[in-house]
Structure formats: structure tokens, C-alpha cells
Amino acid sequence: MTATRLAEVATVATPIGPFTAIVDGDGAVLASGWTGDPAELTAVVHASLRPTELRQRDALGAVTQAVLDYHDGDLTAIDAIPVRQRSGEFLSHAWDVLRKVPAGEPVTYTEFAGLAGRPAATRAAANACARNAAALFVPCHRVLRIGGQLGGFRWGLEAKRWLLDHER
């Protein structure tokens, strides 16, 4: 029999659409992104962390406030919010590194690989962005292709462009 793993979820309106966050019992973000569908987020949470039950809330305290403050212009509001993701050693480290890329100073995938300690691992760095479940709080939108092309973004290139413009 599988134990129930309860998490809380809330969706708020932002200038680029609904933003949903799923948080663990201690307030750490398990998954987040510009969607109104929590199932879209639970699917990307590591199996060992994935909630089996979601409790809908109007707001998630500091997490929701940080999302609203960020979209209103306080670009550092997201920095202190705890995030919990699980994967192999490189991906976990790469996500920590991403949290240190300052707003308004995007890096290329190659630069990101170097910051993560594996300068030749550009594909692994791109994979870290693609597998990031905690969008915004782990700001994978701050990673670009060489020459400034946007590259991919789970939440769409229009959202990525808005975020980068917002952070300039």
C-alpha cells in the first residue's frame, strides 16, 4: 500500500497567464509554471517526491507572494523560496547553479555548463533546463542559445521572452 503524500497547490493570475505552484508540507516548491492545470506539474515531479493528493488553496503564503512580487517588478522575490527537486548529482547541482544566475544577466547553455563545472557538457546543461520542474524559482528561462536565440521553454517562447524583457 502506497502512503499518501499530500501537497498544496494554488494558481494565481500573472501578466503571462495563470501560474500554479505545488508545495510540500514545509513550503518547498516541488513544481511550478505558467499553467492552470496542476496535473501538468505533478507529472514532472520526481517519483520519490510526487504528491498523491493535492489540497487546493487560494494562496501558498510566501510562495504566492513571491510570484506576485516578481511579476510586479521585485525580481529578487523568488530567491529565498525553498525548492525541492531530485535527480542525479549533475542535474541537482545544475539547478542550484541556475538559482544563482542573476535576473537581467542571461547566460548561454555553454556558459551555464561551465558555471556548473562541466564546460563540455552543453547538452547536459540543456537537459537540466528541460527537466526543471520548478520554473521561475529555478530560472531556466535565463539560459539562451549562442547568439541570444531563445531556445526552448516548457511554458512557451512568448513567456520566456516576456520574462527576459521583464528582467532587463
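Up top you'll find the structure we're talking about.
Residues numbered from 1 in each chain as written. Predicted model: local features only at pLDDT ≥ 70, side-chain atom pairs only at ≥ 80, totals over all residues. Heavy atoms only, no water.

### A few points about unusual backbone geometry
Part 1: One non-glycine residue, Leu136, lies in positive phi territory at about 80°.
Part 2: Within the secondary structure, Leu136 is located in the loop between helix H5 (122–130) and strand S6 (143–144).
Part 3: The class of Leu136 is buried, set by a relative accessible area of 1%. (Helix = DSSP H or I, 4+ residues; strand = E, 2+ residues; numbered from the N terminus. Buried < 20%, exposed > 50% of the residue type's maximum accessible area, 1.4 Å probe, protein only.)

### Examining the nonpolar core
Part 1: Judged by nonpolar contacts, the single largest core of 51 residues is most densely connected at Phe19, Trp34, Val63, Leu98, Phe112 and Phe137.
Part 2: When contributions to this core are tallied by element, the ones reaching two or more residues are strand S1 (6–14), strand S2 (17–23), strand S3 (29–33), helix H2 (62–71), helix H3 (89–98), helix H4 (109–115), H5 and helix H6 (157–167).
Part 3: It is H3 that provides the largest number of residues to this core, a total of six residues.
Part 4: Excluding its chain neighbours within four sequence positions, the residues that come into contact with Trp34 are Thr14, Ile16, Gly17, Pro18, Phe19, His71, Ala135, Leu136, Phe153, Trp155 and Leu163. (Core = buried A, V, L, I, M, F, W, Y, C linked by side-chain atoms within 4.5 Å. Contact = heavy atoms within 4.5 Å.)

### Some thoughts on the packing of aromatic side chains
Part 1: A complete count under the given rule lists three aromatic pairs for this structure.
Part 2: Connected via pairs of aromatic rings, a cluster forms that spans Phe19, Trp34, Phe137 and Phe153.
Part 3: Against the face of Phe90 rests Arg118, its NZ or CZ located 4.5 Å from the ring centre. (Phe/Tyr/Trp six-rings, centres within 6.5 Å; stacked < 30°, edge-to-face > 60°. Lys NZ or Arg CZ within 6 Å of the ring centre and 35° of its normal.)

### A short note on the sheet that holds S2
Part 1: Ordered by their spatial adjacency, four strands build an open sheet running S3-S2-S1-S4, and the pairing between neighbours is mixed. Looking along the sheet, the strands with just one partner apiece sit at the ends: S3 and strand S4 (53–56). Sheet twist, expressed as the mean angle between neighbouring strand axes with direction ignored, is 25°.
Part 2: Where S1 lies against S4, four bridges are found, and the strand directions are parallel. Bridging from a neighbouring strand, Glu8 pairs with Arg55 of S4.
Part 3: In this fold H2 packs onto S1, S2 and S3, with an angle of close to 20° to the strand it touches most, S1. (Pairing = 2+ DSSP bridges. Axes fitted to C-alpha atoms, helices over the stretch in contact; angles between N-to-C directions.)

### Quick notes on the pattern of salt bridges
Part 1: Scanning the model with the defined rule gives eight salt bridges in all.
Part 2: Asp24 is the partner of Arg84 in a salt bridge, and the nearest nitrogen-oxygen pair spans 3.0 Å. Here Arg84, found in the loop between H2 and H3, pairs with Asp24, found in the loop between S2 and S3; they are 60 residues apart in sequence, far enough to count as distant.
Part 3: Residue Asp24 is classed as buried on the basis of its relative accessible area, which comes to 13%. (Salt bridge = Lys/Arg side-chain N within 4 Å of Asp/Glu carboxyl O.)

### Re the packing of H3 against H5
Part 1: Orientation of H3 relative to H5, taken along the N-to-C sense of each, is 75°, at an axis distance of 9 Å. As judged from the angle between their axes, H3 and H5 are roughly perpendicular. For the pair H3 and H5, contact is made by Phe90, Leu91, Ala94, Trp95 and Leu98 and by Ala124, Ala125, Asn127, Ala128 and Cys129, respectively. (Parallel < 35°, antiparallel > 145°, perpendicular 65-115°, else oblique.)

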